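Here are the chains, one letter per residue:
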Amino acid sequence: MTPLADLLLARIARDGPISIASFMADALMHPVHGYYATRDPFGAAGDFTTAPEISQMFGELIGLSLTQVWLDQGAPDPVTLAELGPGRGTLMADILRATAAVPGFHAAVTVHFVETSPHLRALQAERVPQARWHDRIDTLPDAPLLLVANEFFDALPIRQFIRAGAGWRERMVGAQDGHLFFGLSDAAPLALLAPRLDDTQDGDLVEHCPALPGIVAAIAGRIAAHGGAALVIDYGDWQSLGDTLQALAGHAPADPLAAPGAADLTAHVDFAAIAAHAAPARHSRLTRQGVFLERLGITARARKLASGLNGQALDAHVAAHRRLTHPSEMGDLFKVMALFPATAMPPAGLDP
Ligand code: SAH
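Residues numbered from 1 in each chain as written. Predicted model: local features only at pLDDT ≥ 70, side-chain atom pairs only at ≥ 80, totals over all residues. Heavy atoms only, no water.

Chemist: For this particular structure, what's the right way to read the overall build of the chain?
Modeler: Broken down by element type, the chain carries 14 helices and 17 strands. For 352 residues, the compact-globule estimate of 2.2 N^0.38 gives 20 Å, and the C-alpha radius of gyration of the chain, at 21 Å, lies within 12% of that figure. In terms of principal-axis extent, the alpha carbons of the chain reach across some 60 × 45 × 35 Å. Expressed as a percentage of its 352 residues, the buried residues of the chain come to 52%. Expressed as a percentage of contacts within the chain between residues at least 6 apart in sequence, the contacts between residues at least 24 apart total 75%. (Helix = DSSP H or I, 4+ residues; strand = E, 2+ residues; numbered from the N terminus. Rg over C-alpha atoms; globule rule 2.2 N^0.38 Å. Buried < 20%, exposed > 50% of the residue type's maximum accessible area, 1.4 Å probe, protein only. Contact = heavy atoms within 4.5 Å.)

Chemist: Is there a simple way to think about the pairing of strand β7 (residues 167-176) in this case?
Modeler: Where a strand is regular, its side chains alternate between the two sheet faces. For β7, a buried count of seven out of ten residues is recorded, marking the element as mostly surrounded by other parts of the structure. Both strand β1 (residues 18-19) and β7 contribute to a ladder of two bridges, which runs antiparallel. Bridge pairing in β7 links Ile18 to Val173. Bridging between β7 and strand β8 (residues 179-184) involves six bridges; their strand directions are antiparallel. Each bridged residue has a counterpart across the sheet, and for Met172 the counterpart in β8 is Gly183. What sits between the antiparallel neighbours β7 and β8 is a turn of two residues, in which Asp177 has the positive phi angle 50°. (Pairing = 2+ DSSP bridges.)

Chemist: I keep staring at the site of the ligand and nothing clicks. Help me out?
Modeler: Contacts to the ligand come from 19 residues, most closely from Met29, Thr50, Gly85, Glu115 and Asn150. The side chain of Glu115 places a nitrogen or oxygen atom 2.5 Å from an oxygen atom of the ligand. When isolated, the ligand has an accessible area of 570 Å², and the protein chains bury 92% of it. Partitioning the shell around the ligand into residue classes produces ten nonpolar, six polar and three charged. (Near = heavy atom within 4 Å. Polar contact = N/O pair within 3.5 Å; in protein donor to acceptor, adjacent residues only side chain to side chain. Areas by Shrake-Rupley, 256 points an atom, 1.4 Å probe, with all protein chains shown as cover. Nonpolar A, V, L, I, M, F, W, Y, C, P; charged D, E, K, R; others polar.)

Chemist: Sorry if this is basic, but what is going on with the side chain of Asp154 here?
Modeler: The topology assignment puts Asp154 in the loop between β5 (145-150) and β6 (159-164). Residues contacting Asp154, with those up to four places away along its chain left out, are Met24, Asp234, Tyr235, Leu265, Thr266, Ala267 and Val269.

Chemist: Quick question: what am I supposed to make of the sheet that holds strand β13 (residues 264-266) here?
Modeler: Each strand in a sheet pairs with its neighbour through backbone hydrogen bonds, running either in the same direction (parallel) or in the opposite one (antiparallel). Taking strand neighbours across the sheet as the criterion, the three strands line up as β12-β11-β13 in an open arrangement whose pairing is antiparallel. The open sheet has two free edges, formed respectively by β12 (252-254) and β13, since each of these has just one partner strand. For this sheet, the mean inter-axis angle between neighbouring strands, taken without regard to orientation, is 40°. Sheet topology note: the strand β11 (residues 246-249)/β12 ladder contains three bridges and is antiparallel. Along β12, the bridge assignment pairs Ala249 with Ala252. (Axes fitted to C-alpha atoms, helices over the stretch in contact; angles between N-to-C directions.)

Chemist: Just checking my understanding: could you explain unusual backbone geometry for this structure?
Modeler: Negative phi characterises most residues that are not glycine, and trans characterises most peptide bonds. Put simply, Asp77 and Pro78 share a cis peptide bond, and its omega is 5°. Looking at the secondary structure, you find Pro78 in the loop between α5 (56-72) and β2 (79-84). Omega for the peptide link from Ala279 to Pro280 comes to 10°, which places this bond in the cis form. By secondary structure assignment, the location of Pro280 is in the loop between α10 (271-276) and β15 (282-283).

Chemist: Can you help me understand the packing of aromatic side chains in this one?
Modeler: Given two aromatic rings, one states the distance between the centres and the angle between the planes to describe the pair. This model, assessed by the stated rule, comprises six aromatic pairs. On the basis of an interplanar angle of 80° and a centroid distance of 5.2 Å, the ring pair of Phe42 and Phe48 is categorised as edge-to-face. Per residue, the accessibility class of Phe42 equals that of Phe48, and both read buried. The aromatic ring of Trp168 is capped on one face by Arg163, whose charged end is 5.9 Å from the ring centroid. A cation sits over an aromatic face here: Arg171 above Phe182, 3.9 Å from the ring centre. (Phe/Tyr/Trp six-rings, centres within 6.5 Å; stacked < 30°, edge-to-face > 60°. Lys NZ or Arg CZ within 6 Å of the ring centre and 35° of its normal.)

Chemist: What's the story with the pattern of salt bridges in this structure? I'm lost.
Modeler: Should their charged atoms come close, side chains of opposite charge can pair. Counted by the stated rule, this structure contains 17 salt bridges. Here Arg88 and Asp40 are joined by a salt bridge, their closest N and O atoms 3.1 Å apart. Here Asp40 lies in the loop between α3 (35-38) and α4 (51-54) and Arg88 lies in the loop between β2 and α6 (90-99), a separation of 48 residues in the sequence. Judged by its relative accessible area of 29%, Asp40 falls in the partly exposed class. Of the charged contacts in the structure, one is a salt bridge between Arg322 and Glu329, with a shortest N-O distance of 3.2 Å. Arg322 gets classed as partly exposed once you look at its relative accessible area, which sits at 39%. By sharing partners, the salt bridges in this structure join Glu60, Asp94, Arg97 and Arg301 into a single network. (Salt bridge = Lys/Arg side-chain N within 4 Å of Asp/Glu carboxyl O.)

Take it as geometry only, folks, not as evidence of what the structure does.
The following block contains the structure:
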């Protein structure tokens, strides 16, 4: 049991069961007890490792793709380089190092982070001291926008619904004998899920991310108005189907309700929902991370870096390349989708 579990049990005893989204929001972002609010979860000693923490090549290639967008669109100055949920700031540090030689790019760029965790903001400031921080996308400058979000959308709270005839039961978090447990609400029709009546059957579980439409619309509106592009990288697929709520503690799967605030919680990203809110910008085809990185030249870059390494460092480098790209590792599970202006080409590595 965690201090947050006690708070949630008391709240449920008073007000009744809460949605999974409400549970996730507190488990991740509660200002005192939330998972991200209180710790650095990344790396070997943490609970999970992300692509930028695996190898510098990831950020270097993202930087290449974004600077190509900037050049293709006439090298606008000023341009906003923004990241959603930057974690330790590693990805942006690698992007900035890899793009330092692009003439005029650093002079034109201002770096902006959208991050709610004060603890992670402090870590990010060590790596990228020139960044400016925002609680929400809405306060980014009105300028061309180059944006990256790696494993950001998977941390946004989701609701879960189980099909019951023409209606849906919501999966809720309740309390019994001093423990949190999953229950189901009564079935009711839901306008929000009307489109899913076509592709689901009785008993199917679908997930819905309430914050996603507003975030995607804010990014898309800026890109359509001012230019630029956004790269969204995450695990997930086209249209959610099935329970993907997952807890990780110490690199191992855990019971999502067992230790709120002490384990990471994620859900797979529904890229069809991102595509559905991409207008007035366009969205690229959904592309596997391994394919995207290969198209950007990760193997040539890996060979070049390998030539300066030997022994354990070389083994680790080869393993990192494989981990980012191989279909049985992150290569197929993780996907990439870009948002870009209707008048422009998609970023390098992606198809329209
Ligand atoms: N992109 C990083 C970290 C991914 S973890 C990497 O690849 O290593 C998720 C990040 O999103 C954390 O920095 C977390 O604090 C942040 N985050 C989660 N929900 C958020 C929200 N609603 N608004 C802003 N940041 C959020």
